[in-house]
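Chain residues, written in single-letter form:
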Amino acid sequence: MRKLMPVLAAALLLTACGETSAGSSNELLISSASSLTDVMLTAEKEFKKMHPEVELAFNFGSSSKLRNQIEQGAPVDLFLSASAKDMDRLEQEGMVERQDIQNFAENRLVLASIEQLDETDPEKLLKNSSGVIAVGEPESVPVGFFTKEALSRSGLWESLKGKFIYAKDARQVLSYIESGNAEMGVVYSSDAQLSSSIRTRIDLPQEGIEIVYPAAVIEGAKNKEAAEAFLAFLSSEDGQKLLQEFGFLPVEGVNSDA
C-alpha cells in the first residue's frame, strides 16, 4: 500500500499557509461517485473545521460520466471514483499520475428490497422474482458492471435480462427500489445500509470481485494542495472511521502508520 506522507505533508502546508495553490480562489472542485454522496457531505463539514478557508464544490454522478467530463476538459481538482477502470483510463491518458492514485474505501454488493423477505438465498430470490429488478447500466455505471459480473458468474444474468430496469447511477438503482418501481435490486451495501426504507439486505456472492474506490488529483488542478489535503483526511483515522459509519469497508494498509 502506498505511504501517505506526501499527501499529509501537503495537508500541513495548506494549514500553515491558509491558502491554496489557486491563489485568490479557495474553491475545491471534487467529482465524486454518486454512492459517496452522503458520506462526502458529512466529510465536507469535518474537513471545513480544519480548513475553513476552503470551499468545497461537489459534482456527483456515475464514475464513467465524471471521467468523460474530465476528458472533455471540465474543471476538476480531485476525482473520487467507484471504478478502478475509469481511473486507469485517466492514467493512461496522462490526466492522473499512477503513483498518486490511492484506494480509500471498499464496498460490497447486496440484493435489497423494501419488503421483509424470508428467503435468504439471493440466487433463489432472483430466480423466483415475478417483478422488476433494478440494476445499474452495466456499460456505463460501476455498480452495474459489478452486478453483471457477479450475476454472470452465477449463471443468472442472461436469464434475468427481461426483468431488469437499468439505472444511470447507484443512487437511481436505490430510488427505483425505495419507490416500489422495482421489487428488488442490486445496490452497494453502503447505500442499502443508509436507507430507512430497505428492509431486506442480502450479500451477493462476489468471490474475486473487488469493489474499490480510487482517488487522485487531476493533472493541472487549480487547487492541488487543497485536493491533497482532502484526500489526506479521507485516508486518516478519522476519515476512515467516517467512511465505515456510512457502510463502506476499510482498505487494507490505509492509515497503517496512524
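All of these numbers come straight from a predicted model, not from anything done at the bench.

J.: Which residues make up the packing of aromatic side chains, and what values do they have?
T.: Taken as a whole, this structure holds 10 aromatic pairs when the rule is applied. Among the aromatic residues, those joined into a cluster by ring pairs are Phe 47, Phe 58, Phe 60, Phe 230 and Phe 233.

J.: Run through the sheet that holds strand 8 (residues 184-188), naming residues and quoting values.
T.: The strand order 7-6-8-5-9 describes an open sheet built from 5 strands, whose pairing is mixed. Edge strands, defined here as strands with exactly one partner in the open sheet, are strand 7 (164-167) and strand 9 (200-203). Averaged over all neighbouring strand pairs, the angle between strand axes comes to 30 degrees, with direction disregarded. Direction of pairing for strand 6 (residues 133-136) relative to strand 8: parallel, over a ladder of 2 bridges. Bridge assignment links Ile 133 to a residue of strand 8, and that residue is Met 184. Running at roughly 115 degrees to strand 8, helix 6 (residues 142-153) makes contact with strand 5 (109-113), strand 6, strand 7 and strand 8 of the sheet. In the packing of helix 8 (residues 170-178) onto the sheet, the strands contacted are strand 5, strand 6, strand 7 and strand 8, and the crossing angle to strand 8 comes to about 145 degrees.

J.: Describe in detail the nonpolar core, supporting the description with residues and values.
T.: Ranked by internal contacts, the top residues of the largest apolar core, which has 66 residues, are Leu 36, Leu 80 and Phe 230. If you tally residues by element for this core, the top one is helix 10 (residues 224-235), at 7 residues. Sequence-distant contacts of Leu 36, that is, excluding residues within four places in its chain, are made with Phe 60, Leu 80, Phe 104, Tyr 213, Leu 243 and Phe 248. With 10 residues, the next largest nonpolar core counts Leu 66, Leu 90, Val 96 and Ile 101 among its residues.

J.: So what about the pairing of strand 5? Which residues, and what values?
T.: Counting buried residues in strand 5 gives 5 out of 5 residues, a clear majority hidden from the surface. Going residue by residue along strand 5, you find Leu 109, Leu 111 and Ser 113 tucked away on one face and Val 110 and Ala 112 tucked away on the opposite face as well. Here strand 5 pairs with strand 8 via 4 bridges, running antiparallel. Each residue of the ladder has a partner; that of Leu 111, found in strand 8, is Val 186.

J.: Requested: an account of the packing of helix 10 against helix 11 (residues 237-245), with residues and values cited.
T.: When two helices pack together, their arrangement is given by the angle between the helix axes and the distance between those axes. With their axes 4 Å apart at the nearest point, helix 10 and helix 11 run at an angle of 65 degrees to one another. Judged by the inter-axis angle, helix 10 sits roughly perpendicular to helix 11. Seen from helix 10, the contacting residues are Phe 233, Leu 234 and Ser 235; seen from helix 11, they are Glu 237, Asp 238, Gly 239, Gln 240, Leu 242 and Leu 243. Considering only residue class, the contact of helix 10 with helix 11 consists of 4 nonpolar, 3 polar and 2 charged.

J.: Quick rundown of helix 3 (residues 63-71)? Include the residues and the values.
T.: If you check which residues of helix 3 are buried, you get Ser 63, Ser 64, Leu 66, Arg 67 and Ile 70. One side of helix 3 carries all its buried residues, which in axial view fall inside an arc of 160 degrees. The secondary structure elements touched by the buried residues of helix 3 are strand 1 (27-33), strand 2 (55-61), strand 3 (78-80), helix 4 (84-92) and helix 6. Following helix 3 by one or two positions, Gly 73 has its phi on the positive side, about 100 degrees.

What counts as what
- Residues numbered from 1 in each chain as written.
- Predicted model: local features only at pLDDT ≥ 70, side-chain atom pairs only at ≥ 80, totals over all residues.
- Heavy atoms only, no water.
- Phe/Tyr/Trp six-rings, centres within 6.5 Å; stacked < 30°, edge-to-face > 60°.
- Pairing = 2+ DSSP bridges.
- Helix = DSSP H or I, 4+ residues; strand = E, 2+ residues; numbered from the N terminus.
- Axes fitted to C-alpha atoms, helices over the stretch in contact; angles between N-to-C directions.
- Contact = heavy atoms within 4.5 Å.
- Core = buried A, V, L, I, M, F, W, Y, C linked by side-chain atoms within 4.5 Å.
- Buried < 20%, exposed > 50% of the residue type's maximum accessible area, 1.4 Å probe, protein only.
- Parallel < 35°, antiparallel > 145°, perpendicular 65-115°, else oblique.
- Nonpolar A, V, L, I, M, F, W, Y, C, P; charged D, E, K, R; others polar.
- Arc of directions from axis to C-beta.

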